[in-house]
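Structural features, examined
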Amino acid sequence: MFTVSQTSRAWFIDRTRQAREERLVQKERERAAVEIQAYVRSFLCRRQLHRDIRREIDEFLKGDDSGSNKGSALCIFKTTRKLLFLFRIKEDNERFEKLCRCILSSMDAENEPKVWYVSLALSKDLTLLWIKQIKSILWYCCEFLEQLKPEILQDSKLITLYLTMLVTFTDTSTWKILRGKGESLRLAMNHICANIMGHLNQCGFYSVLRVLLTRGLARSRPCLSKGTLTAAFSLALRPVIAAQFSDNLIRPFLIHIMSVPALVTHLSTVTPERLTVLESHDMLRKFIIFLRDEDRCHDICENLEGCHTLCLMGNILQLGSLSPQVLEEETDGFVSLLTQMLCYCQKYVSQKKSNLTHWHPVLGWFSQSVDYGLNESMYLITKQLQFLWGVPLIRTFFSDILSKKLLEHQEPAPAQPASPQNVLPVKSLLKRAFQKSASVRNILRPVGGKRVDSAEVQKVCDICVLYQTSLTTLTQIRLQILTGLTYLDDLLPKLWAFICELGPHGGLKLFLECLNNDTEESKQLLAMLMLFCDCSRHLITILDDIEVYEEQISFKLEELVTISSFLNSFVFKMIWDGIVENAKGETLELFQSVHGWLMVLYERDCRRRFAPEDHWLRKDLKPSVLFQELDKDRKRAQLILQYIPHVIPHKNRVLLFRNMVTKEKEKLGLVETSSASPHVTHITIRRSRMLEDGYEQLRQLSQHAMKGVIRVKFVNDLGVDEAGIDQDGVFKEFLEEMIKRVFDPALNLFKTTSGDERLYPSPTSYIHENYLQLFEFVGKMLGKAVYEGIVVDVPFASFFLSQLLGHHHSIFYSSVDELPSLDSEFYKNLTSIKRYDGDIADLGLTLSYDEDVMGQLVCHELIPGGKTIPVTNENKISYIHLMAHFRMHTQIKNQTAALISGFRSIIKPEWIRMFSTPELQRLISGDNAEIDLDDLKKHTVYYGGFHGSHRVIIWLWDILASDFTPEERAMFLKLNVALPLETASWERHSGAWMRSAFP
């Protein structure tokens, strides 16, 4: 244990330590207090000094405002020095404004050198101080400009003030001190101005101007006055001109000034004199020379990103439209820089929405950040971009092609009118078409002879790459681009003639070789083909039948025959050679372009023939080979069936369809085998209420049961079963009678077209209770008939069959093209509006359709508020398409959807996509071809003791041959054969498929 003395000592040491620490703390407090007092006194002194200085400044500025003679240059210099010493933007903004007005006022004085603020630059003692001071003042002006909003009136006045300061002290032209004898000083003063301008550039002068111009011009109507815009743009040009257009200054000028949204548009409307300055200095040529270098162009685009790159491109395009002479001389460089800019933007264009994409009104989904502040000016930017596909620029770019003359026929080939069956006899037409002069045929057919590495071909390829890149980049205005490119009627035919001349032999071989060559030259040639296909497809899509067949705008019918033959072979080769199987990127885009153009021509030919018989078939493709490849699940065979089934003869596609149905039946267990029998659904039908009983008993059946065997027992009016065993014959009779009744126009489920009286859903069918369920049931019955191969006499309107095939979902589908199949007279009247030369508004039409519905006049608006919107020359094309779409789609949308739903529950959509609309009609209703009795006799199988030499059989064939009309023979075959008539008339070697059941 511790002793008492030890405890006292420890206590004493601890007490002493605490006392020492307390003294140190006290000293620290005293030191801190002295330091705080010093800071406070210093702050109070500085604040007082600032107050005194600001008071002096205010008194000086107040005296200057009152007009007293205190505004000498030296006084202004000293006052400015004081203000800059303590300047704070928020606190001293009003003082700075007054000081700037004071300085500008001194510069306006007449014959008073001592008053001119700039006179201090001549003072040996003050020159350097004055230069430093004016640099600070002007940069503060820039900082204020960066914060001000030009749409606010007070701010707009301040913008004018600060811009005037910058204009005044960056150029000596307004300095009165240099007049007369002072002219000898101008060179030295110009050096001072250049020094000041250089300082501002280093501080970020162009960034300030960009912010100011964007705020004032990034809107549909500019809020910068003529003087303000003139001053700002003049200031932007000064460094570039002073540096004699050095690359170091052209670069920031392009990045910060020429990328301002629609700048050239606003300059042309507000202050066109500034554009004259650009032209006088040949700025467009300098921009082209600078930007055609790939590295420099990429650097500019990287700094701007996609949104502002479009703004720069728009301004350059508009400048180009104002300087056609420069464009003619610098076409190659201009095309190169535009292509590079579009390629940069294209890298960030996305096909779909994601967490990394933003919506852009011109580019679509874009993976870079989007400046939504540009949305208001996007209309003007789009108008600038339209110069790219405007007529003047297209004429300049394609001058070599357009300058060539195509030899034309003395008389155009007459177009045949469309027949009721949409099948046009074309033998005489094609005979005339191919009896033309050899010079014309040389244009239409691949002849070759032009080297693909020549300067002419390279130039056209570069231009085609530019436009093809614009189509894949500017996704939201793609239709505008295509419309612009197809405006000149002779461009596409001459481009086709140019394509035909390429390579040693021209045509298909050259482009197929390009597919296998991954060279830049090959890519450019394929881009040319893609552009031709995209533009031609768009043109044929928007032209009506009169323009295609009678007026033959752009393409003659014989040219369409040649082009379609080329496209058909090209697409087939791409598929059959395995190119499409693993295609992606540019190869896939090429296939889509060529295939799209091919199918537009094919569907047009299906509606109204222009090509010869068997034109679309591939004679080198044997159906047996294709079927073998399909059985082996070869990809190329499946792609043929998916993309170009028309290359296979129709009779083989019918066989393929029946084979698909048979395979599904086997898979579902619907075919009787030695080990199992399919499930049978029995229904009882009263003849007097056939439609009602059939609807009630069949509509609830499952999809599997509907595809299976259905046996029908008829009951007469007395409730007694009719004699007979249903071995498909009774069900066939029931199905035919059901379909006959539901499609009877008197029932008002369906209506007939004017003229050829073909069926389509009635717009007023909604008066029936549960009408949509009825349409779905009708679709199932129709599907069941096709599924079982039962021919039903139901002639559908072509436009309705197109919807059944799903063609109306295609982006190339045109309601106007299908309108003649609904009402040919209405089509003529509607398209006459398109050709009306006067003012459409005089006709008093609106965007609405008046219809007599059961005695009442009903007004249907084609768009919301359409009955109050007049039809004008500007919107007449939209009116035509809206009207056609309303008549064929909107009015019967629900009915059509219900019927298609029922039909597709039985028939898979992919099964019938290999048929065109006329072919689908033949699949449903059979063919009109005359029955071949010899073929029927050859393949008939007899039962019940009968044989070919039996006297009854001999009488039968004699009666069929001598006494029956063709229609009666067809009815005989329809009664005895449960297969479509086309199979019986076409299949020469399929006896196993045919049977005749004679009693």
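Note: the structure precedes this text.
Residues numbered from 1 in each chain as written. Predicted model: local features only at pLDDT ≥ 70, side-chain atom pairs only at ≥ 80, totals over all residues. Heavy atoms only, no water.

For the rest of this paragraph, the subject is the nonpolar core. By size, the foremost hydrophobic cluster in this structure holds 292 residues, and its most contacted members are Trp130 and Phe253. Not counting residues within four places of it along the chain, the set of residues in contact with Phe253 comprises Tyr206, Phe233, Ala236, Leu237, Val240, Met258, Met283 and Phe287. The next biggest cluster of nonpolar side chains, apart from the first, holds nine residues, and it includes Ile931, Leu936, Phe972 and Leu973. (Core = buried A, V, L, I, M, F, W, Y, C linked by side-chain atoms within 4.5 Å. Buried < 20%, exposed > 50% of the residue type's maximum accessible area, 1.4 Å probe, protein only. Contact = heavy atoms within 4.5 Å.)

Moving on, we get to the pattern of salt bridges. Counting across every chain of the model gives 50 salt bridges. Residue Arg17 pairs with Asp14 through a salt bridge whose shortest N-O separation is 2.5 Å. In this pair, Arg17 and Asp14 are both assigned in helix α1 (residues 4-66), three residues apart and thus about one turn of the helix distant. Arg285 serves as the salt-bridge partner of Asp282, at 2.6 Å between the closest nitrogen and oxygen. If you follow the salt bridges from partner to partner, you end up with Arg54, Asp58, Arg88, Glu91, Asp92 and Arg95 in one network. (Salt bridge = Lys/Arg side-chain N within 4 Å of Asp/Glu carboxyl O. Helix = DSSP H or I, 4+ residues; strand = E, 2+ residues; numbered from the N terminus.)

Below, the discussion takes up the packing of aromatic side chains. According to the stated counting rule, one finds 38 aromatic pairs in the structure shown. Geometrically, the ring pair formed by Phe87 and Phe144 is edge-to-face, given 6.4 Å between the ring centres and 80° between the ring planes. With Phe87 in the loop between α2 (73-86) and α3 (89-108) and Phe144 in helix α4 (residues 127-147), this residue pair connects regions lying 57 residues apart in the sequence. The exposure class assigned to Phe87 is buried, which follows from its relative accessible area of 11%. A relative accessible area of 6% places Phe144 in the buried class. Linked through ring pairs, Trp496, Phe511, Phe532, Phe555, Phe566, Phe570 and Trp597 together constitute an aromatic cluster. (Phe/Tyr/Trp six-rings, centres within 6.5 Å; stacked < 30°, edge-to-face > 60°.)

Across the interface, helix α7 (residues 205-217) lies against helix α9 (residues 247-257) with an axial gap of 9 Å and an inter-helix angle of 25°. Here α7 lies roughly parallel to α9, going by the angle between them. Considering how the two elements wind past one another, α7 and α9 form a crossing that is right-handed. In contact with Tyr206, Ser207, Leu209, Arg210 and Leu213 of α7, α9 contributes Leu249, Pro252, Phe253, Ile255, His256 and Ile257. Counted by class, the contact of α7 with α9 contains eight nonpolar, two polar and one charged residues. (Axes fitted to C-alpha atoms, helices over the stretch in contact; angles between N-to-C directions. Parallel < 35°, antiparallel > 145°, perpendicular 65-115°, else oblique. Left-handed = near helix turned anticlockwise from the far one by under 90°. Nonpolar A, V, L, I, M, F, W, Y, C, P; charged D, E, K, R; others polar.)

Mapped onto the elements of the fold, Leu217 is located in helix α7. A C-alpha to C-alpha distance of 7.4 Å links Leu217 and Ala262, two positions 45 residues apart in sequence.

Let us now look at the side chain of Ser522. With respect to the helices and strands, Ser522 occurs in helix α25 (residues 520-542). Judged by relative accessible area, Ser522 falls into the buried class, the value being 4%. One polar contact links Ser522 to Thr519, side chain to side chain, over a distance of 2.9 Å. (Polar contact = N/O pair within 3.5 Å; in protein donor to acceptor, adjacent residues only side chain to side chain.)

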